[in-house]
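Working through the structure, step by step
So the chains spell out like this:
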Amino acid sequence: MITLKNINKLYDLGEVKVNALKGINLTINRGDYVSIMGPSGSGKSTLMHIMGILDTPSSGQYLLEDYDITALPDKELARIRNKHFGFIFQSFNLFPELSALENVMLPLGYAGVTYGKRKARAKELLDEVGLEHRMQHLPTMMSGGEQQRVAVARALANDPDLILADEPTGNLPSDRGHEIMDILEKLNKNGVTIAMVTHSPDQGLRAKRIINIKDGLLHSDVDNKGGKSV
Ligand SMILES: Nc1ncnc2c1ncn2[C@@H]1O[C@H](COP(=O)(O)OP(=O)(O)OP(=O)(O)O)[C@@H](O)[C@H]1O
Ligand SMILES: [Mg+2]
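Residues numbered from 1 in each chain as written. Chains lettered and ligands numbered in written order. Predicted model: local features only at pLDDT ≥ 70, side-chain atom pairs only at ≥ 80, totals over all residues. Heavy atoms only, no water.

- As named in an unreviewed UniProt entry, the chain is ABC transporter ATP-binding protein, taken from Thiospirochaeta perfilievii.

What follows is the structure, given as structure tokens:
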């Protein structure tokens, strides 16, 4: 689905330059469930941002379904991002002034879906993550696990091909974290491709493929025999 060719990312802060990614070659296949691991500062989030086209590489090539999108204009990249990718972040990143329902409706609005359909789809998604009783709650009125489930529902709004999750359980107690992992795994069984950054070896081992990043380099990329979970 995605092929990254010799991706470099240099953060240029004038006197200080950070070579965050140093020639990453990586293919994410449809149906993959990949965990991305590595020490703090090794470049995992930078890689996720580039994979999700939230950021652009300093050099290298990005192929989406064999189509080189590296040099497309921002507007076109935003359209691709909204259509193909769903994002889940460690800090939930919900809009604080919007209800759970409105947060999930938002990406559907960007995709031009009518109000009635947006609402129906958002309700269905919140139902799927077990939040049918929290539709009108603002993020501050919800627990961390509930907020992250809203974020998962929002990530699913436009039926993404790929979910990019950057430490999605990092701010949650372990039992709530497992709930999120269970949801992600169910999605993967239903055909959604998952790439997830995690610091937890337990969670990493649940993935079907484990990638290790060290100091901006792809250190290892191993098949985990379909994951060791359940
Ligand atoms: N916007 C930025 N400007 C300058 N340097 C940055 C920026 N973002 C990240 N970096 C640097 O790039 C390197 C990689 O950062 P990145 O956030 O990708 O690491 P990470 O592997 O996700 O770490 P963590 O596990 O702590 O989240 C780090 O040295 C970081 O300081
Ligand atoms: Mg990070």
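From this point on, the discussion continues.
Examining helix α1 (residues 44–51)
- Within α1, six of the eight residues are buried, leaving the element largely enclosed by the surrounding structure.
- Where α1 is concerned, the buried positions are Lys44, Thr46, Leu47, Met48, Ile50 and Met51.
- Within two residues after α1, Ile53 carries a phi angle of roughly 50 degrees, on the positive side. (Buried < 20%, exposed > 50% of the residue type's maximum accessible area, 1.4 Å probe, protein only. Helix = DSSP H or I, 4+ residues; strand = E, 2+ residues; numbered from the N terminus.)

Some remarks on the nonpolar core
- Counting 35 residues, the largest nonpolar core has Leu126, Val150, Val152, Ile163, Leu184 and Leu187 as the members making the most contacts within it.
- Of all the secondary-structure elements, those providing two or more residues to this core are α3 (100–110), α4 (115–128), α5 (144–156), β7 (162–166), α6 (174–189) and β8 (193–197).
- Sort the elements by how many residues they give to this core and α5 lands first, with six residues.
- For Ile163, the residues in contact, after removing those within four places along its chain, are Gly86, Ile88, Ala155, Leu156, Leu184, Val192, Thr193, Ile194 and Ala195. (Core = buried A, V, L, I, M, F, W, Y, C linked by side-chain atoms within 4.5 Å. Contact = heavy atoms within 4.5 Å.)

Some words on the packing of aromatic side chains
- With the rule as written, the count across this model stands at two aromatic pairs.
- Measuring from ring centre to ring centre gives 6.5 Å for Phe85 and Phe87, while their planes differ by 75 degrees; the resulting arrangement is edge-to-face.
- Taking the centre distance of 6.0 Å and the plane angle of 5 degrees together, the rings of Phe87 and Phe89 count as stacked.
- The class of Phe87 is buried, set by a relative accessible area of 15%. (Phe/Tyr/Trp six-rings, centres within 6.5 Å; stacked < 30°, edge-to-face > 60°.)

Thoughts on the environment of Leu131
- Of note, Leu131 is situated in the loop between α4 and α5.
- Residue Leu131 is classed as buried on the basis of its relative accessible area of 1%.
- Note: C-alpha distance between Leu131 and Glu146 (15 residues apart in sequence) is 7.4 Å.
- Not counting residues up to four positions away in its chain, the partners in contact with Leu131 are Leu126, Glu146, Arg149 and Val150.

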